[in-house]
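# Survey of secondary and tertiary structure
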Amino acid sequence: MILILLCLAICTVAGIGAWLTRRSPKLTSALGQGGAVSGAALGMVGAISVMASGIPEGLRCSWSVPFGSCSIELDALSAFFLLPVFLLTGLAAVYGARYLSQPKYASRLGSHWLFFNLLSASMVVVIVARNAILFLMAWEIMALASFFLVTLEHERESVQRAGWIYLISTHLGTAVLFFFFILLGSKSGSLDFDSFQSAGEVIGPQATLLFILALIGFGTKAGIVPVHVWLPEAHPAAPSHISALMSGVMIKTGIYGIVRTLIWLDNPSVEWALTLIGIGGVSGVLGVLLALAQHDLKRLLAYHSVENIGIIFLGLGVGVLGQATGTPILTVLGYGGGLLHVLNHSIFKALLFLGAGNVLHGAHTLNLENTGGLLKRMPWTGTMFLVGAVAICGLPPLNGFVSEFMIYAGAFHAVQSLDAFAAIPSILAILALALIGGLAVACFTKAFGIIFLGQPRSQHASEAHESAAAMRWPMVVLAALCVLIGILAPLSPVMLRPVILQVAPLAALLVSDSMAQIQTTLAVIVGVMLLCALLAALLLWRRRTKLTGRARADAVTWDCGYAAPTARMQYTAASFAQPILRLVAGIVRLPKRFTQPKGYFPSAGSFSTETPDVVEREAWAPAFRIVERVLMRFRWIQTGSIHLYILYMAITLIVLLIWKLW
Amino acid sequence: MQDLLFVLLILTGFVFLGSGRMQFGIRTVALQGILLGLIPLLGNLQDLWARLTALAVLSLAIKGMVLPYFLTRAMHKSKALHEDNPFVGFTASMVVGIICLGGSFWIASRLPFIDSSQPKMAVAVSLFIVLVGFFVIISRRKALSQVLGYLVMENGVYIFGVAFAVDVPWLVELGVLLDVFVAVFVMGIVIFHISKSFDHIDTDQLSSLTG
């Protein structure tokens, strides 16, 4: 606990220090980066020690804010969510310091590092807070700090638009959370989380309402469909390490909130599980489909965050199903898989975003259609990106596979052991997971193939260069973790055990039993995969020894027998995705602009597709237009005269006074 | 004796509502301040007399002399000698004042008091003074009038405090005095800036700033 407090203090002091020294870019960068890294290191030690010992540590002081108390606690669940926070804060700081070392950012470093450190501190407070007021304050600081980080390049119009969309959606979510906490607090009599814990039976029939409020409020931060619209706007606008931090860990605070809510509202029903799995399935499938349609790498990755949040929801849904039907193994595998995916996604998504940052840095574009052939020019970035891509697709032996496999195993177990009605959600979960997995592979084949293979499609791409060491090593660390978690998969249930015990009221022995089953399966899979890897290495080595001393010739990729091939004859990102997207044209409508070549010797012709967000265009835009039309009718209230404003206040006060006294 | 003071306070309220000349308004507010300062002295002094006297002297000095002096200076500087064209005319203001007075007495009669021995008259008067201040802020154009309205409102709050918190006067008084100080300070800045940049101090011209 003391380490966590120390981490908070360091982050705050370093952030303010960085802002005060903003005149000197070197100093402010050193302070901001140093504070974030050292704070993260200290906090990491604190979180790991609690994970290892399993004994929660708390601190409680009184606070003069009404209904507030400054109580914080570090238990297994908090410690588990803190692991990626500290890991990514440290790595993103190292990466960011180098990323922002260009002269054009020099005047903005002070505020950047202030808000960076504030963001990391507020995320820690959100996760350890044990009072609703403290939680909401940290939640709000987190939202504002990330808003200022997203709008670093605020002179660009697209960044302004993204910033507004993010600010509005995060505040709508927070408004719902206020309602949620007030309702919960009025039931339990206090805004301390301890009192929520015991409020389960007092809440009664309103539990479902609270559950839905939590889903909307926390889900907006997490980015579930249909409240995901800020993700594909904010991530491309933000600097890459900020995208990594936001997509990697900040949206996970939404998941954290939902898991906490599930602990408070015990006795979930099968309908809840169906809701979670439904949301998860829709988010996952729609997320990956929209990702497939994107031509901008960071937008593509943002939609993959929506997809992965969907997978996490599927896991939580299977866990809730286990609780509702009293099947411990489902609970263990569902929650275990979902929570492990939280950690995994933060690792590989950050890896991919940092890779996107390197592509932008080296090739000066994120548009897939202008890249190509970067693997030869940026071997480090390309290889690490490949590791991340394989991991996010959920392919063995990397970490994404482990968590998705646990969810699969839980869902299949449900199909076998539950009756027909209760099994429906798990069947849906299996179908959704399978569809998501296949489409994700298609999507990352497209992303990696178009960017890193083939021939450069533009001048910039052919002049691309590898990034500096400080921008490569964070990626190497994350890629190594992807591999490590994949190989140590049989041990992962051990790490998850205290967390699951806290989320679901189960006997410790039961959890261990359920885990033993999956552990053996995972061990076999990892063993086979290691053998495959060995075989592949052997073949590669063989190829090399065979080839030495023989004549070798290099040829152009995509030669295809043409006499004069050009890079423009390659598959484009749009054409690669088209066969799949045509199948789902009813859901993902892509407006096309097509000028047909005319005549025997056509001079010009063009084809392009747009990729608007279907939910934003069909649901949110009309809804906001209606709201605007209604609200414009009240515009006459805003006269601009101070006298009238004071009159409004006076009338309100007097009416209230008379009303109470009548 | 206290009732006489309260009646005088009500009268100052009406005079203030009906005054169009700034100088006269400032003097009325100063007179009101002096009357207020006397209230604690007229109660049962008992062993608190030293404190209460000090308080009365301080209040007299600030509300009766310092503030009027500064306000007069601000008036001459900004050349706002007269409230030319108020939103509500002076006669109509008096009518509103009468309604406010009736309303205040009604509210005072309905308020649930902890101790029935508390003077209802003081509550009614304090509410009336607050409402008068509020009304002047709403209905007058010049920023200086609004400062005066604000001061009158503070006076109302002060009466309420004196009537109810005789036992802990320091807290209330210091709080109120601090409020007044801050208010005048802020308003002074506002007046100065408005007259600087807009060449007059009609606050309704600020409406050109709406979106």
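Nothing here was measured: the structure is a model prediction, and the numbers come from that model. Numbering of residues begins from 1 in every chain and follows the order in which that chain's sequence is written. Numbering of ligands from 1 and lettering of chains from A proceed in the order in which they are written. This being a predicted model, a pLDDT of at least 70 is required before a residue's local features are given, and a value of 80 or more before pairs of side-chain atoms are given or counted; all residues contribute to the totals for chains, interfaces and linings.

## Some details on the overall build of chain A
Cut-off, in case you're wondering: For helices the rule is a DSSP run of H or I covering at least 4 residues; for strands it is a run of E covering at least 2, with both sets numbered from the N terminus onward. Throughout, radius of gyration means the C-alpha value; the globule benchmark is 2.2 Å times the number of residues raised to the power 0.38. With C-beta atoms placed from the backbone, a residue is labelled by how many other C-beta atoms lie within 10 Å of its own: buried for 20 or more, exposed for 12 or fewer, partly exposed between the two. A pair of residues counts as a contact when their C-beta atoms, built from backbone coordinates, are separated by no more than 7 Å.
Within chain A, the secondary structure is distributed over 26 helices and four strands. The C-alpha radius of gyration of chain A comes to 26 Å, within 12% of the 26 Å expected for a compact globule of 662 residues. Principal axes of the C-alpha set define a box for chain A whose edges measure 95 × 70 × 55 Å. Going through the 662 residues of chain A one by one, you find that 52% of them count as buried. For chain A, restricting intrachain contacts to residue pairs at least 6 apart in sequence, the fraction spanning at least 24 positions comes to 79%.

## Quick notes on the overall build of chain B
Regarding its fold elements, chain B presents seven helices and zero strands. If you list the helices and strands of chain B from N to C, you get α-α-α-α-α-α-α. Put simply, 71% of the contacts in chain B that link residues at least 6 apart link residues at least 24 apart.

## Overview of the packing of helix α5 (residues 132-150) of chain A against helix α11 (residues 240-250) of chain A
Residues and elements named next belong to chain A. Our working rule: To define axes, lines are fitted to C-alpha atoms, for helices over the stretch in contact only, and angles between the resulting N-to-C directions are given on a 0 to 180 degree scale. Oblique is the label for every angle not falling under 35 degrees (roughly parallel), over 145 degrees (roughly antiparallel), or within 65 to 115 degrees (roughly perpendicular). It is the rotation of the near helix from the far one that decides the hand of a crossing: anticlockwise by less than a right angle makes it left-handed, clockwise makes it right-handed. Note on residue classes: Ala, Val, Leu, Ile, Met, Phe, Trp, Tyr, Cys and Pro are nonpolar, Asp, Glu, Lys and Arg are charged, and everything else, Gly too, is polar.
Their axes nearest at 10 Å, the elements α5 and α11 cross at an angle of 150°. Here α11 runs roughly antiparallel to α5, going by the angle between their axes. α5 and α11 meet at a crossing whose hand is left-handed. Between α5 and α11, the contacting residues are M142, S146, L149 and V150 on the first element and I242, M246 and M250 on the second. Of the residues in the contact of α5 with α11, the class split is six nonpolar, one polar and no charged.

## Observations regarding the domain arrangement of chain A
Short version of the rule: These domain limits were set by an automatic method or by a database of domain assignments.
With domains assigned, chain A is organised as domain 1 (268-543 + 571-597 + 604-612) and domain 2 (618-661). Centre-to-centre separation of domain 1 of chain A and domain 2 of chain A, based on C-alpha positions: 47 Å.

## Brief notes about helix α6 (residues 157-188) of chain A
Each turn of an α-helix holds 3.6 residues, which means side chains three or four residues apart point in the same direction. The following threshold applies: In a helix, the anticipated span is given by 1.5 Å times the number of residues less one.
With 32 residues, α6 of chain A should cover 46 Å at 1.5 Å per step; its first-to-last C-alpha distance of 46 Å lies within 8% of that length. Following α6 of chain A by one or two positions, G189 of chain A adopts a phi angle in the positive range, close to 90°.

## Structural notes on the nonpolar core
Note the threshold: The term nonpolar core refers to a set of buried Ala, Val, Leu, Ile, Met, Phe, Trp, Tyr and Cys residues connected through C-beta atoms within 7 Å.
Ranked by size, the top nonpolar core spans 216 residues in total, and within it V124, L351 and C482 of chain A carry the most contacts. A total of 19 residues in this core trace back to one element, the largest contributor, which is helix α15 (residues 328-363) of chain A. Dropping the residues within four chain positions of it, L351 of chain A is found in contact with M384, G388, M475, L478, A479 and C482 of chain A. By size, the runner-up hydrophobic cluster in this structure holds 44 residues, among which are F6, L35, A80 and F134 of chain B.

## As for the packing of helix α3 (residues 76-99) of chain A against helix α21 (residues 469-487) of chain A
Residues and elements named next belong to chain A. Where α3 contacts α21, the axes come no closer than 8 Å and their chain directions differ by 155°. The angle between α3 and α21 falls in the class roughly antiparallel. For the crossing formed where α3 meets α21, the hand is left-handed. Counted together, L91, V94, Y95, A97, R98 and Y99 of α3 and A470, M471, P474, V477 and L478 of α21 form the full contact between these two elements.

## Let's talk about the environment of G322 of chain A
Residue and element names in this part refer to chain A. With respect to the helices and strands, the residue G322 is situated in helix α14 (residues 297-325). For G322, a count of 29 C-beta atoms within 10 Å corresponds to the buried category. For the pair G322 and A411, spaced 89 residues apart in the sequence, the C-alpha separation amounts to 9.7 Å. Residues within four places of G322 in sequence aside, it is in contact with T327, P328, L330, T331 and G334.

## Looking at the environment of F180 of chain A
All names here are of chain A. You can see F180 is positioned in helix α6. In this structure F180 comes out as buried when scored by C-beta crowding, with 23 C-beta atoms within 10 Å. Each C-alpha atom, one on F180 and one on S426, is 28 Å from the other, the two residues being 246 residues apart in sequence. Apart from residues lying up to four places away in sequence, F180 is in contact with L210, L213, A214 and G217.

## Overview of the pairing of strand β2 (residues 69-74) of chain A
To be explicit about the condition: Strands pair, by our definition, only if DSSP identifies at least two bridges between them.
In terms of strand pairing, strand β1 (residues 57-62) of chain A meets β2 of chain A through six bridges, oriented antiparallel. Pairing of E57 of chain A across the sheet is with L74 of chain A, part of β2 of chain A.

## Structural notes on unusual backbone geometry
Residue and element names in this part refer to chain A. Backbone torsion omega between V225 and P226 reads 10°, so that peptide bond is classified as cis. Structurally, P226 can be placed in the loop between α9 (207-222) and α10 (231-237). Phi at H364 is positive, roughly 60°, even though this residue is not glycine. Within the element layout of this structure, H364 appears in the loop between α15 and α16 (374-377).

## Topic: the confidence of the model for chain B
Filter applied, for reference: A score between 0 and 100, pLDDT records how confident the predictor is in each residue.
Per-residue confidence for chain B gives a mean pLDDT of 77, with 71% of residues at or over 70. Predicted complex metrics record ipTM = 0.77 and pTM = 0.82.

## Examining the environment of L5 of chain A
Here L5 of chain A shows up in helix α1 (residues 2-20). Put simply, L5 of chain A and A121 of chain A are 116 residues apart on the chain and 9.7 Å apart in space, counted from C-alpha to C-alpha.

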